[in-house]
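Residue-level structural notes
Take a look at the letters that make up each chain.
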Amino acid sequence: GPPMAIVYIADDFLNGNGVSNDVSEYERLLKRARDSGSEFALYKLGNFYFKNKNYSNAIINYTRSAAIGFLPSITRLGIIYSRVLCVVPNPRRARELLEVAYVRGHLSGTSELASLLIRGNFGIIQRVRGLLIHAGSPILVIKAAFRKRHSDEENPFRLLDEQIH
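Residues numbered from 1 in each chain as written. Predicted model: local features only at pLDDT ≥ 70, side-chain atom pairs only at ≥ 80, totals over all residues. Heavy atoms only, no water.

This paragraph deals with the environment of valine 7. Inspection of the secondary structure assignment puts valine 7 in helix α1 (residues 3–15). Contact partners of valine 7, with chain neighbours within four places excluded, come to Leu30, Ala33, Ser38, Phe40, Ala41 and Lys44. (Helix = DSSP H or I, 4+ residues; strand = E, 2+ residues; numbered from the N terminus. Contact = heavy atoms within 4.5 Å.)

As structure tokens, this is what we get:
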């Protein structure tokens, strides 16, 4: 079946929804969805491996998903590299990843980038930038909500977006 359907069925096995709880079947189905081209399955496999402290497989799956542009995986890798979470911290690599997530409008990535810049060793200008990004985060949330619920003509942020771009 379609990769997303396989992911949903896998979740049923993980959570025991209508079937017995079977973690090995969950992993098998996610691998099947991954092999069918699902970047979301790669992300979920990364989460599964990370939770089970299989960090090398977690990073492999996040990296493969990030390479095809899946923003949650890009953000997760940024978090992994910004903190002592299974690898030697690499703030520069974390910043590169989180900058991508920020530029592409990923809210969690934006928040993580702001935190990294505020606490990082990137200089005073970047600390101030982190504070400004953090202060602007509520605006990003409101903009995202309007984009999902209103046409472009009704979007009050349309003119602001046109001025920025």
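Still more ground to cover, so stick around.
Under the 1.5 Å per step criterion, the end-to-end length of helix α6 (residues 91–103) is 18 Å for 13 residues, consistent within 8% with the ideal 18 Å. After α6 finishes, the residue glycine 105 shows a positive phi value of roughly 85°. (Expected span 1.5 Å × (residues − 1).)

For the pair helix α3 (residues 39–51) and helix α5 (residues 71–82), interaxial distance at closest approach is 10 Å and the crossing angle is 30°. When the axes of α3 and α5 are compared, the pair comes out roughly parallel. Like other packed secondary-structure pairs, α3 and α5 cross with a definite hand, here left-handed. On α5, the residues touching Tyr43, Asn47 and Phe50 of α3 are Pro72, Ser73, Arg76 and Ile80. Considering only residue class, the contact of α3 with α5 consists of 4 nonpolar, 2 polar and 1 charged. (Axes fitted to C-alpha atoms, helices over the stretch in contact; angles between N-to-C directions. Parallel < 35°, antiparallel > 145°, perpendicular 65-115°, else oblique. Left-handed = near helix turned anticlockwise from the far one by under 90°. Nonpolar A, V, L, I, M, F, W, Y, C, P; charged D, E, K, R; others polar.)

Once that is clear, we can look at the side chain of glutamate 99. Residue placement: glutamate 99 occurs in helix α6. A polar contact is formed between the side chain of glutamate 99 and the side chain of arginine 129, at a distance of 2.7 Å. (Polar contact = N/O pair within 3.5 Å; in protein donor to acceptor, adjacent residues only side chain to side chain.)

Overall, the coordinates contain 8 salt bridges when judged by the stated rule. Across the pair lysine 44 and aspartate 11 runs a salt bridge whose closest N-O atoms are separated by 3.1 Å. One end of the pair, lysine 44, is in helix α3; the other, aspartate 11, is in helix α1, and 33 residues separate them in sequence. Judged by its relative accessible area of 16%, lysine 44 falls in the buried class. Overall, aspartate 11 belongs to the buried group, its relative accessible area being 17%. Here lysine 31 ties to glutamate 27 by a salt bridge, and the two come within 3.5 Å at their closest N and O atoms. (Salt bridge = Lys/Arg side-chain N within 4 Å of Asp/Glu carboxyl O. Buried < 20%, exposed > 50% of the residue type's maximum accessible area, 1.4 Å probe, protein only.)

With that settled, consider the nonpolar core. Among soluble globular proteins, nonpolar side chains are generally buried collectively. Ranked by internal contacts, the top residues of the largest apolar core, which has 33 residues, are Tyr26, Leu30, Tyr62, Ile74, Leu77 and Tyr81. Contributing elements (two or more residues each) for this core: α1, α2 (23–35), α3, α4 (55–67), α5, α6 and α7 (107–119). Not counting residues up to four positions away in its chain, the partners in contact with isoleucine 74 are Ala66, Gly69, Leu97, Val100, Ala101 and Arg104. (Core = buried A, V, L, I, M, F, W, Y, C linked by side-chain atoms within 4.5 Å.)

Quick look at the packing of aromatic side chains now. Inspection of the entire model under this criterion finds 7 aromatic pairs. Judged by centre distance (6.4 Å) and plane angle (25°), the rings of phenylalanine 40 and tyrosine 43 are stacked. Taken as a pair, phenylalanine 40 and tyrosine 43 lie in helix α3 at a separation of 3 residues, close to a single helical turn. Judged by relative accessible area, phenylalanine 40 falls into the partly exposed class, the value being 25%. (Phe/Tyr/Trp six-rings, centres within 6.5 Å; stacked < 30°, edge-to-face > 60°.)

It is worth spelling out α4 at this point. When the terminal C-alpha atoms of α4 are compared, their 18 Å separation across 13 residues agrees well with the 18 Å that a helix rising 1.5 Å per residue should span. For α4, every residue scored as buried is listed here: Ala58, Ile59, Asn61, Tyr62, Ser65 and Ala66. For α4, the arc enclosing every buried residue in end-on projection is 165°, short of the 170-degree limit, so these residues lie on one face. Structurally, α4 contributes buried residues whose contacts are with α2, α3 and α5. Immediately downstream of α4, the backbone of glycine 69 shows phi near 90°, a positive value. (Arc of directions from axis to C-beta.)

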